[in-house]
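Observations on chain architecture
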Amino acid sequence: MHEIDDHDSIILCRSCDLAVRKRALPSSARAICPRCDTALYDTPYCSINGMLALCVAALIIFVPANLLPVLEIHFLGSIRTTTVTEAAIAVWAQGYWVVGLAVLVAAVIAPALLILSILTQVIIVKLSLNATFWQRIYTTLLKNHGLITQMTMLEIYVISFLVSAFQLSDFSDVYFGMGTFSFTMLFAIILFLQREYNLEHMWSYVDEH
């Protein structure tokens, strides 16, 4: 269990170093430093229900993003397509297993773990699962959230799609399909989910159980 003592409820203003005791805020409110009027903290913009909706949307779009081709290349009458997973496996088969593993982890495994982790946290909070078993799962997910977030790098692969298409367009026809659209949408949803997710706010639910 995560316990918060009196020191955890104190925050220092980043401008004037004034120690301010944190208090619960109403929705869409922001705490202001009484000395220099610097914004200290605010409540998460997205509610638990909002994060639940984002997680469900991410899970739905995750399937076509990884199963449908992200690029379709027409070259000298032949058509070649590839998915993110197939590309990682192909790189692995060529002997670059470190690169292939990195692609699988950062583009497939880590995003799936991130979505499932936040979804599990939201469900535990929403259903008020107070049993010790669920609370252990909840605190474990919170402790490992930062690591999973660091391993998720979908933006790199979205940019790589665009760079590859630009370079290949000189001698072949490159087409983006539903896989590209789905992968880009997955990136956007996870980006928004990470923006609205507040680890400190999620820890506060532990004290309420």
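Residues numbered from 1 in each chain as written. Predicted model: local features only at pLDDT ≥ 70, side-chain atom pairs only at ≥ 80, totals over all residues. Heavy atoms only, no water.

1. Some points on the nonpolar core
Heads up, the rule is: Remark: nonpolar core denotes a set of buried residues (Ala, Val, Leu, Ile, Met, Phe, Trp, Tyr, Cys) joined through side-chain atoms within 4.5 Å. Partly exposed describes any residue whose relative accessible area lies between the buried limit of under 20% and the exposed limit of over 50%, with all areas from a 1.4 Å probe on protein chains only and scaled to the type maximum. The way it works is that DSSP assigns letters per residue, a run of H or I at least four long becomes a helix, a run of E at least two long becomes a strand, and they are numbered from the N terminus. Contact criterion: two residues are considered in contact whenever any of their non-hydrogen atoms come within 4.5 Å of each other.
Residues Y138, L186 and M202 are the most contacted members of the largest nonpolar core, which totals 37 residues. Top element by residues in this core is helix α3 (residues 97–126). It accounts for twelve residues. Beyond its immediate chain neighbours, meaning those up to four positions away, Y138 contacts Q121, I124, V125, M202, Y205 and V206. Core analysis: the second largest hydrophobic core is formed by nine residues, C13, A31, L40 and Y41 among them.

2. So, the pairing of strand β4 (residues 39–42)
Spelled out, the test is: A pair of strands is treated as paired once DSSP finds two or more bridges between them.
Here three bridges tie strand β3 (residues 30–32) to β4, and the two strands are oriented antiparallel to one another. Of the residues in β4, the one forming a bridge with I32 is A39. Connecting β3 to the next strand, β4, in antiparallel fashion are six residues, including D37 with a positive phi near 65°.

3. Focus: the packing of aromatic side chains
Applied cut-off: Under the pairing criterion, centres of Phe, Tyr and Trp rings, with the six-membered ring standing for Trp, must be within 6.5 Å; the plane angle then separates stacked pairs below 30 degrees from edge-to-face pairs above 60, leaving the rest tilted.
Enumeration according to the criterion identifies two aromatic pairs in this entry. Taking 6.5 Å as the distance between ring centres and 55° as the angle between the ring planes, the aromatic pair formed by W92 and W97 counts as tilted. Ring geometry for F133 against W134: centres 5.2 Å apart, planes inclined by 75°, an arrangement best described as edge-to-face. By relative accessible area, F133 is classed as exposed at 55%. Assessed through its relative accessible area of 33%, W134 is described here as partly exposed.

4. With respect to a nonpolar patch on the surface
Spelled out, the test is: Residues enter a patch when their relative accessible area is above 30% and they make no salt bridge; the linking distance is 9 Å between like charges and 5 Å between nonpolar side chains (Val, Leu, Ile, Met, Phe, Trp, Tyr). Using the Shrake-Rupley algorithm and a 1.4 Å probe, accessible areas are obtained, with residue cover drawn only from the displayed protein chains. Salt bridge, as applied in this entry: a Lys or Arg side-chain nitrogen positioned within 4 Å of an Asp or Glu carboxyl oxygen.
A surface patch of nonpolar side chains, about 370 Å² in accessible area, is lined by L68, M178, F181 and M185. Looking at where M178 falls in the secondary structure, it is placed in helix α7 (residues 178–196).

5. Quick word on the pattern of salt bridges
Summed over the entire model, instances satisfying the criterion amount to one salt bridge. One salt bridge connects R195 with E196, and the closest N-O pair in it is separated by 2.1 Å. The exposure class assigned to R195 is exposed, which follows from its relative accessible area of 59%.

6. Topic: α3
We count it as follows: Take the number of residues in a helix, subtract one, and multiply by 1.5 Å to get its expected span. The angle separating two fitted axes, one through the seven residues that finish at a residue and one through the seven that start at it, defines the bend at that residue.
The end-to-end C-alpha distance of α3, which contains 30 residues, comes to 41 Å, matching closely the 44 Å that a straight helix rising 1.5 Å per residue would cover. The largest bend along α3 measures about 40° and falls at V105. S128 sits one or two positions beyond α3 and adopts a positive phi of about 55°.

7. A few points about the packing of helix α1 (residues 48–67) against α7
Quick reminder of the rule: A fitted line through C-alpha atoms serves as each axis, taken over the contacting stretch for helices, and the angle formed by two N-to-C directions is quoted from 0 to 180°. Should an angle lie under 35 degrees it is considered roughly parallel, over 145 roughly antiparallel, and from 65 to 115 roughly perpendicular; all remaining angles are considered oblique. For any pair of crossing helices, the crossing counts as left-handed if the nearer helix is rotated counterclockwise from the farther one by less than a right angle, and right-handed if it is rotated clockwise. Under the scheme applied here, ten amino acids are nonpolar (Ala, Val, Leu, Ile, Met, Phe, Trp, Tyr, Cys and Pro), four are charged (Asp, Glu, Lys and Arg), and all others, including Gly, are polar.
Viewed as axis vectors pointing N to C, α1 and α7 meet at an angle of 155°, and their least axial separation amounts to 9 Å. Classified by the angle between their axes, α1 and α7 sit roughly antiparallel to one another. The handedness of the crossing between α1 and α7 comes out as left-handed. Contacts between α1 and α7 pair M51, L54, C55, A57, A58, I61, F62, P64 and A65 from the former with G179, S182, F183, M185, L186, I189, F192, L193 and E196 from the latter. When its residues are assigned to classes, the contact of α1 with α7 shows 15 nonpolar, two polar and one charged.

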